[in-house]
Amino acid sequence: MLAGKAPGLQHPNSNSILRGLIITLAYDDVNRTVTKRLLEKIGCEVTAVSSGFECLSALSNVEMPYRVVILDLQMPEMDGFEVAMKIRKFYGYHWPLIIALTASTEDHVRERCLQMGVNGMIQKPVLLHVMDSELRRALQSASE
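As annotated in an unreviewed UniProt entry, the protein chain carries the name Response regulatory domain-containing protein and comes from Brassica carinata.

(A) Structural view of the packing of helix α2 (residues 52-59) against helix α3 (residues 80-91). The N-to-C vectors of α2 and α3 enclose an angle of 20°; their axes lie 10 Å apart at closest approach. For the element pair α2 / α3, the angle class is roughly parallel. Relative to α3, α2 is oriented so that their crossing is right-handed. On the side of α2, the interface is formed by Gly52, Cys55, Leu56 and Leu59, while α3 contributes Val83, Lys86, Ile87 and Tyr91. A class-by-class count of the residues in the contact of α2 with α3 yields six nonpolar, one polar and one charged.

(B) Examining the pattern of salt bridges more closely. Enumeration according to the criterion identifies four salt bridges in this entry. A salt bridge links lysine 124 to aspartate 72; the shortest N-O distance between them is 2.8 Å. Pair noted here: lysine 124 is in the loop between β6 (120-123) and α5 (128-143) and aspartate 72 is in strand β4 (residues 68-72), with a separation of 52 residues, a long-range link. Looking at lysine 124, the relative accessible area reads 21%, which means it is partly exposed. Among the ionic pairs, glutamate 134 bridges to arginine 137, the shortest N-O distance being 2.9 Å. Of this pair, glutamate 134 and arginine 137 both sit in helix α5, three residues apart, which is roughly one turn of the helix.

(C) Examining the pairing of strand β3 (residues 45-49) more closely. Most of β3 is tucked away, with four of its five residues classed as buried. Pairing of strand β2 (residues 22-26) with β3, which is carried by five bridges, proceeds in the parallel orientation. Within the sheet, the bridge partner assigned to isoleucine 22 lies in β3 and is glutamate 45.

Criteria and cut-off values
Residues numbered from 1 in each chain as written. Predicted model: local features only at pLDDT ≥ 70, side-chain atom pairs only at ≥ 80, totals over all residues. Heavy atoms only, no water. Axes fitted to C-alpha atoms, helices over the stretch in contact; angles between N-to-C directions. Helix = DSSP H or I, 4+ residues; strand = E, 2+ residues; numbered from the N terminus. Parallel < 35°, antiparallel > 145°, perpendicular 65-115°, else oblique. Left-handed = near helix turned anticlockwise from the far one by under 90°. Contact = heavy atoms within 4.5 Å. Nonpolar A, V, L, I, M, F, W, Y, C, P; charged D, E, K, R; others polar. Salt bridge = Lys/Arg side-chain N within 4 Å of Asp/Glu carboxyl O. Buried < 20%, exposed > 50% of the residue type's maximum accessible area, 1.4 Å probe, protein only. Pairing = 2+ DSSP bridges.

And the structure:
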């Protein structure tokens, strides 16, 4: 499902760092639509997919230069860890940025994400201000 920015959904405090940011959202959950709308609300352009295979396929589309991939770590068939590993193998460690979505608060999950080259983590349930700040933090870190 490909979507651009919906008019009228811009977050009033959104600034240029997130406006127009092109994101692939890989999230196998009923909350995918809600998360997609939150991203659009802060100015991002979002392609939402429901599996790791669809995510990798979307990244190979040269017409959509995705800067960020947001991965649910608990997807069926190919989990977010495996998708992150494949992205890093095919595209390297500098592009795209990878943000993990997880319900886990355990340290070993965070450590595994770091080992896989994940640039940030967002705790479920996804909240607008948390997503906004984590995206900004990851983008700033990547530009340093």
